[in-house]
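Descriptive structure summary
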Amino acid sequence: MSEHMESLNFIEEIIEQDLKSGKYAEIITRFPPEPNGYLHIGHASSICLNFGLTKKFPGHTNLRFDDTNPSTEETEYVDSIKEDIRWLGFEWKQELYASDYFGQLYDFATILIKKGLAYVDDSSSEEIAIQKGTPTTIGTNSPCRNRSIEENVDLFSRMKNGEFADGSKTLRAKIDMAHTNMLMRDPILYRIKKAPHHRSGNKWCIYPMYDFAHGQSDSIEQITHSICTMEFIPHRDFYDWAIEKLEIYPSHQYEFARRNVNYTVTSKRKLLQLVQEKHVESWDDPRMPTLSGMRRRGYPAIAIRNFCERIGIGKRENLVDIGLLEFFVREDLNKTTSRVMAVLDPIQLSITNYPSEQTELLPIENNPEDETSGERQVPFSNKLWIEREDFKEEMEKKWFRLAPGAMVRLKGAYIVKCTDFKKDAQGNILEIICEYIPESKSGNDTSGIQVKGTIHWVSQTNAAVAEVRLYDRLFQVENPMSEEGDFLDYINPNSLQIISKAYIEPSLSHAKTGQAFQFIRKGYFVLDKNSTSDNLIFNRTVTLKDNWAKVQGK
RNA sequence: UGACUCAUGGUGUAACGGUAGCACAACUGUUUUUGGUGCAGUUUGUCAAGGUUCGAAUCCUUGUGAGUCAACCA
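Residues numbered from 1 in each chain as written. Chains lettered and ligands numbered in written order. Predicted model: local features only at pLDDT ≥ 70, side-chain atom pairs only at ≥ 80, totals over all residues. Heavy atoms only, no water.

**Thoughts on the protein's contact with RNA strand B**
The environment of RNA strand B is made up of 66 residues, and the closest members are Glu13, Arg316, Arg339, Ser442 and Asn547. Near-protein atoms of RNA strand B (within 4 Å) split between backbone and bases, with sugar and phosphate holding 61%. Asn69 places a polar side-chain atom, nitrogen or oxygen, 3.1 Å from a sugar or linking oxygen of RNA strand B. In this structure, Ser123 approaches RNA strand B through a main-chain N or O atom, which is 3.1 Å from a base nitrogen. The set of elements that each furnish at least two residues to the surface near RNA strand B consists of helix 5 (125–132), strand 6 (188–192), helix 11 (301–311), helix 12 (322–336) and helix 13 (547–553). Considered class by class, the residues forming the surface near RNA strand B number 21 nonpolar, 22 polar and 23 charged. (Near = heavy atom within 4 Å. Polar contact = N/O pair within 3.5 Å; in protein donor to acceptor, adjacent residues only side chain to side chain. Helix = DSSP H or I, 4+ residues; strand = E, 2+ residues; numbered from the N terminus. Nonpolar A, V, L, I, M, F, W, Y, C, P; charged D, E, K, R; others polar.)

**Structural notes on helix 6 (residues 149–160)**
Along its twelve residues, helix 6 runs 17 Å from first to last C-alpha, staying within 8% of the 16 Å computed at 1.5 Å per residue. Residues of helix 6 that are buried include every one of Asn152, Leu155, Phe156 and Met159, and no others. End-on, the buried residues of helix 6 take up no more than an arc of 100 degrees, which puts them together on one face. Of the residues trailing helix 6, Gly162 is marked for its positive phi of about 85 degrees. (Expected span 1.5 Å × (residues − 1). Buried < 20%, exposed > 50% of the residue type's maximum accessible area, 1.4 Å probe, protein only. Arc of directions from axis to C-beta.)

**Let's talk about the packing of helix 1 (residues 10–20) against helix 2 (residues 41–56)**
At a minimum axis separation of 11 Å, helix 1 and helix 2 run at an interaxial angle of 35 degrees. Once helix 1 is placed against helix 2, the crossing between them reads as right-handed. Of the residues in helix 2, those in contact with Ile11, Glu12 and Ile15 of helix 1 are Leu49, Leu53 and Lys56. Its residues assigned to classes, the contact of helix 1 with helix 2 comprises four nonpolar, no polar and two charged. (Axes fitted to C-alpha atoms, helices over the stretch in contact; angles between N-to-C directions. Left-handed = near helix turned anticlockwise from the far one by under 90°. Contact = heavy atoms within 4.5 Å.)

**A few points about the packing of aromatic side chains**
The full count for this structure, using the stated rule, is 27 aromatic pairs. Considering the side-chain rings of Phe102 and Trp204, the 6.0 Å spacing of their centres and the 70 degrees angle between planes classify their relative orientation as edge-to-face. Of this pair, Phe102 sits in helix 4 (residues 102–114) while Trp204 sits in the loop between strand 6 and strand 7 (206–208), and the two are 102 residues apart along the sequence. The class of Phe102 is buried, set by a relative accessible area of 2%. Measuring from ring centre to ring centre gives 4.8 Å for Tyr414 and Tyr436, while their planes differ by 85 degrees; the resulting arrangement is edge-to-face. (Phe/Tyr/Trp six-rings, centres within 6.5 Å; stacked < 30°, edge-to-face > 60°.)

**A closer look at the side chain of Thr266**
Mapped onto the fold, Thr266 is located in the loop between strand 9 (252–256) and helix 9 (268–276). Side-chain polar atoms of Thr266 contact the side chain of Arg258, separated by 2.8 Å. The residues touching Thr266, leaving out its near neighbours within four places in the chain, are His40, Ile41, Arg258, Asn260, Leu271 and Pro289.

**Quick word on the state of the cysteines**
One pass over the full model with this rule turns up zero disulfides. Cys144 carries a free sulfur, and the closest cysteine sulfur to it, the one in Cys205, is 19 Å from it. Look at Cys144 and you get buried, because its relative accessible area is 9%. Note on Cys418: no disulfide assigned, nearest cysteine sulfur contributed by Cys434 at a separation of 4.8 Å. (Disulfide = S-S within 2.5 Å.)

**A look at the side chain of Asn492**
Relative to the helices and strands, Asn492 resides in the loop between strand 21 (464–471) and strand 22 (496–504). Taking the relative accessible area as the measure of exposure, Asn492 reaches 8% and is therefore buried. Polar side-chain contacts of Asn492 include one of 3.0 Å to the backbone oxygen of Arg473. Setting aside anything within four residues of it in sequence, one finds Asn492 in contact with Asp472, Arg473, Leu474, Phe475 and Gln476.

**Considering the environment of Thr134**
Within the secondary structure, Thr134 is located in the loop between helix 5 and helix 6. C-alpha of Thr134 to C-alpha of Phe108: the two residues are 26 residues apart in sequence and 29 Å apart in space. Leave out the neighbours within four places in its chain, and Thr134 touches Met182 and Arg185.

**Points about the environment of Leu272**
Residue position: Leu272 is located in helix 9. Between the alpha carbons of Leu272 and Tyr490 there is a distance of 17 Å; along the sequence they are 218 residues apart. In this structure Leu272 touches Tyr77 and Trp283, once residues within four positions along its chain are discounted.

**As for the sheet that holds strand 7**
Spatial ordering of the open sheet is given by 4-5-6-7, a layout of four strands whose pairing is antiparallel. Two strands in the sheet have a free side with no partner beyond their single neighbour: strand 4 (118–121) and strand 7. Going from strand to strand, the sheet's axes swing by 20 degrees on average, the running direction of each strand aside. Bridge analysis of strand 5 (residues 170–173) against strand 6 gives three bridges, and the strand direction is antiparallel. Paired with Thr170 across the bridge in strand 6 is Arg191. Where helix 6 meets the sheet, it contacts strand 4, strand 5, strand 6 and strand 7, and its direction lies at approximately 60 degrees from that of strand 4. (Pairing = 2+ DSSP bridges.)

Written as structure tokens, this is what we have:
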């Protein structure tokens, strides 16, 4: 009933007005990646924006690969991009490629030449750079600027036919070498590149530049709202110029500020470097900010979508706290994952008054947040593994775990009282000795004893073994790109910690790749894709919030 | 010595000339067989100076600060 006016971001406001005014009956947006790398969290923001817009308003979104540079693009990237978008939960109306428009783009270029608005230039890249001038001094005209239309038409077709070497000629727009916008100083439209293209093969040896492909592709597809990041603002002048001169469908470009996340980098070049120089295992290394990395890390797609929606879009510089993403990850996983017990840093706990030959199965709820999740049977015996950090040699104030004389509940089992412990000559604790309270059985406790602490455990005779990989942030500083020197200097040397032998409860030996769990008190974990039944591998997705750690830190 | 963007708590984002709100983070308390979760609450903000107005985060002026632009990359 109470229809609250939902607040719109600035692009949604523009669209709402365009729809209301009748400028468009429906809108068309596009997500236009270049297939030269894997998608990352920054792309997720753009994907959620573009696809989200046409969920909210009538219209549709296309996927268009901006593949105009054959030397950097590969089909492997095309495939990963499609997989990542689908995983995020979006489906495009049409799958399109700028390379499909090479013929049309060539015709567009010829139109400009015939209108006297483009010319073939023999200048080298160095000469062109000099002609450009600087932001504060005007440029100079190329000596080729006044070639006749006939000569330009002839030269351009010979460029296409492969008569000239790479770099020997370009096609340039004839605009204004004194323009305050550097990009309007006769920008290059076409270059010669005798390289095979991932889709068109050797059919072409001239390729359009971004500026002479993107806006034109938008126009061909009748994109109504072409959304890109702020660094393309200076390109909008040319975007509009070309549409006007070509007299084609007037798409419009809108810009928002790219989303940056702290403790990571999201430049494709830097990410590629991290992979190539083996600072990480692969593009989908769980420490990477790529969508495939986050998927392997165990981040649910819904968490990424909620994150993107929450941070919204704007036009100002930003550095979003990765903690917000982690919040959404925990929020979803808390509701959906089964609780299980795993001991990462084991120490033996022996119960002296429990029959040594006995094993009993105890029912433990799978997820207290989900009444329908049921329960499972967990074996219990007199020799258990517990977490080394759950024991202290001497009792302290506010310590709710084990210490000599202290009592805790073993999750889902009994209350135990620590009676003794054993140390070796070096002072390492070898074993904790306890007595259990038979009347304190979980769910049937008649002991009347109240304890503050509950700890997790695994029965030694029934335990399975797994490798557990603990991940931390990839960089030690919030913004590696703004620090002095090389960003690689700021890599966190402890971003990956491998525990080769953790003890896990037997139910976990049937886990499936990608299946997520909460290891009680330790965090959320997911079975890695390289896991086998002989060698189980769990990735820690994210820790639980830890108030105890905060108290200790004080 | 240019053009173009931008400026709201620690972070991100609302407000469309009329009560500065939301989320995260932080901090209290409470619940809890996870020091998790849930619940209740607290703290913290309009870059500055002028101006217009009954009234300014919002409009105007000036200043300050940050970012972008000179790839045959996208």
